[in-house]
Number of protein chains: 2
Amino acid sequence: MNDTATTRQAAYDYVDHLERRDWTALATLLADDVSYELPQTRERVRGREAFLRFNVEYPGDWHLRVRRVVADGRSAALLLDVQVGTERQDACVWLEVSDRGLISRIVDYWPEPYEPPPGREHLVERC
Amino acid sequence: MNDTATTRQAAYDYVDHLERRDWTALATLLADDVSYELPQTRERVRGREAFLRFNVEYPGDWHLRVRRVVADGRSAALLLDVQVGTERQDACVWLEVSDRGLISRIVDYWPEPYEPPPGREHLVERC
């Protein structure tokens, strides 16, 4: 596989292993020094063990479904459909993969719903 | 250029033309029936003319800078650094490009800062 194909497979496997809580399989995808970043809260988790524990301990009955994967060389972007209990949310995830095909950086965005600002009703429709 | 190269160029040009307020150049990138979607507010703008007007009328002194472009066939994901006045924010943008190389769908996410939930301080550092 070329870099893009390897990265795309890693992206799909990442979501699959998280969704199945298969921590052993997830660990095999990750670089030792993987960095997991949440820019909205300015949080960073460093290293595979801490990242696995972060997920093991994450509260709620969460479920992930891939809506879109865009892979390009050693980078990928994932658009996920996330269900936590009865709440649904989209997530945007940016992955970087090392030259050995291991995920070395994960950047997660959790965009929340908000009310549109006034003044553009003449241009938009609500879905 | 192959599909990925065409899509990558369209993604860079999209940000460049928006940033320069070059509406004529921006129009040449867009399909007639381009759909612009903001899932967080459940808003949709339909068609090139309405989308251009949405941007012309968008308030504030906004500036866009590309942080990352991931292109794959006729899809791309962009991570943007957005400055509006003195405020800075990241945006995640998903593009789809038609078989003629025109942008046919734009999905924008504007993730806002928030305070981290308690209970994971032992795993994270703040940046």
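No experiment lies behind these values; they were computed from the predicted model shown.

Caption draft 1: Seen up close, the overall build of chain A. Of the regular secondary structure elements, chain A holds 3 helices and 7 strands. Ordering the α and β elements of chain A from the N terminus gives α-α-β-β-α-β-β-β-β-β. For chain A, buried positions account for 50% of its 127 residues. Summarising the internal contacts of chain A: among those between residues at least 6 apart in sequence, 42% fall at separations of at least 24. Accessible surface computed for chain A: about 6,300 Å², of which carbon and sulfur atoms make up 47%. For chain A, the separation between the mean place of its 17 positive charges and that of its 23 negative charges on side chains is 2 Å.

Caption draft 2: Quick look at the sheet that holds strand 5 (residues 87–97) of chain B. Strand order in the open sheet formed by 7 strands is 7(A)-2(B)-1(B)-6(B)-5(B)-4(B)-3(B), with mixed pairing between adjacent strands. Looking at strand neighbours, the two that pair on one side only are strand 7 (125–126) of chain A together with strand 3 (62–72) of chain B, the edges of this open sheet. Examined bridge by bridge, strand 4 (residues 75–84) of chain B and strand 5 of chain B share 10 bridges and lie antiparallel to one another. Within strand 5 of chain B, the position partnered with Asp81 of chain B by the bridge is Asp90 of chain B.

Caption draft 3: View of the relation of the copies chain A and chain B. Aligned on chain B, chain A shows an RMSD of 0.0 Å; the corresponding rotation is 180 degrees and the shift along the axis is 0.0 Å. The relationship between the two copies is best expressed as a two-fold rotation axis. Taking the C-alpha atom as reference, chain A places Pro111 of chain A closest to the rotation axis, 2.0 Å from it. In this assembly the copies share their binding face: 100% of the residues contributing to the interface of chain A also contribute to that of chain B.

Caption draft 4: Quick look at the side chain of Arg68 of chain B. Relative to the elements of secondary structure, Arg68 of chain B occurs in strand 3. Side-chain polar atoms of Arg68 of chain B contact the side chain of Glu96 of chain A, separated by 2.9 Å. Among all residues touching Arg68 of chain B, those that are not within four sequence positions of it are Trp94, Leu95, Glu96, Arg105 and Val107 of chain A together with Ala77, Leu78 and Leu79 of chain B.

Caption draft 5: Region of interest: the UniProt feature "domain: SnoaL-like" (unreviewed entry) in chain A. When the UniProt feature table is mapped to this numbering, "domain: SnoaL-like" (unreviewed entry) covers residues 13–105 of chain A. The distance from the first to the last C-alpha atom of residues 13–105 of chain A is 15 Å, and the span holds 26% helix and 52% strand.

Caption draft 6: Layout of the pattern of salt bridges. Applying the stated criterion to the full structure yields 34 salt bridges over all chains. Among the ionic pairs, Asp22 of chain B bridges to Arg20 of chain B, the shortest N-O distance being 3.5 Å. Asp22 of chain B gets classed as partly exposed once you look at its relative accessible area, which sits at 24%. Ionic pairing is found between Asp32 of chain B and Arg48 of chain B, a salt bridge with its closest N-O pair at 2.5 Å. Of this pair, Asp32 of chain B sits in strand 1 (residues 30–38) while Arg48 of chain B sits in helix 3 (residues 48–57), and the two are 16 residues apart along the sequence. Assessed through its relative accessible area of 22%, Arg48 of chain B is described here as partly exposed. Three or more residues joined by partner-sharing salt bridges are found here, namely Arg65, Arg67, Asp81, Arg88 and Asp90 of chain A.

Caption draft 7: Expanded view of the interface of chain A and chain B. The partner chain B presents 48 residues to the 48 residues of chain A that form the contact. In this assembly, chain A packs against chain B so that about 4,400 Å² is buried in total across both faces, 53% of it on carbon and sulfur atoms. The largest per-residue losses of area from chain A upon contact with chain B belong to Arg68, Trp94 and Leu123 of chain A, which jointly make up 17% of the total buried on that side. On the surface where chain A and chain B come into contact, there are 10 salt bridges. Notably, a salt bridge pairs Glu125 of chain A with Arg46 of chain B, separated by 2.8 Å at the nearest N-O pair. Summed over the shared surface of chain A and chain B, the number is 24 residue pairs in polar contact (both at pLDDT 80 or more). For the side of chain A that touches chain B, the secondary structure elements donating two or more residues are strand 2 (43–46), helix 3 (48–57), strand 3 (62–72), strand 4 (75–84), strand 5 (87–97), strand 6 (103–109) and strand 7 of chain A. Top element by residues in the side of chain A that touches chain B is strand 3 of chain A. It accounts for 6 residues. In this structure, strand 7 of chain A lies alongside strand 2 (residues 43–46) of chain B, joined through 2 bridges in antiparallel fashion. When the sheet's bridge partners are listed, Arg126 of chain A is paired in strand 2 of chain B with Glu43 of chain B.

How each quantity is defined
Residues numbered from 1 in each chain as written. Chains lettered and ligands numbered in written order. Predicted model: local features only at pLDDT ≥ 70, side-chain atom pairs only at ≥ 80, totals over all residues. Heavy atoms only, no water. Helix = DSSP H or I, 4+ residues; strand = E, 2+ residues; numbered from the N terminus. Buried < 20%, exposed > 50% of the residue type's maximum accessible area, 1.4 Å probe, protein only. Contact = heavy atoms within 4.5 Å. Areas by Shrake-Rupley, 256 points an atom, 1.4 Å probe, with all protein chains shown as cover. Lys, Arg positive; Asp, Glu negative; His and termini not counted. Charge placed at Lys NZ, Arg CZ, Asp CG, Glu CD. Pairing = 2+ DSSP bridges. Least-squares fit on C-alpha atoms with pLDDT ≥ 70 in both. Polar contact = N/O pair within 3.5 Å; in protein donor to acceptor, adjacent residues only side chain to side chain. UniProt positions renumbered as here; feature names shortened; annotations may be inferred. Salt bridge = Lys/Arg side-chain N within 4 Å of Asp/Glu carboxyl O. Buried area = accessible area lost by both parts, 1.4 Å probe.

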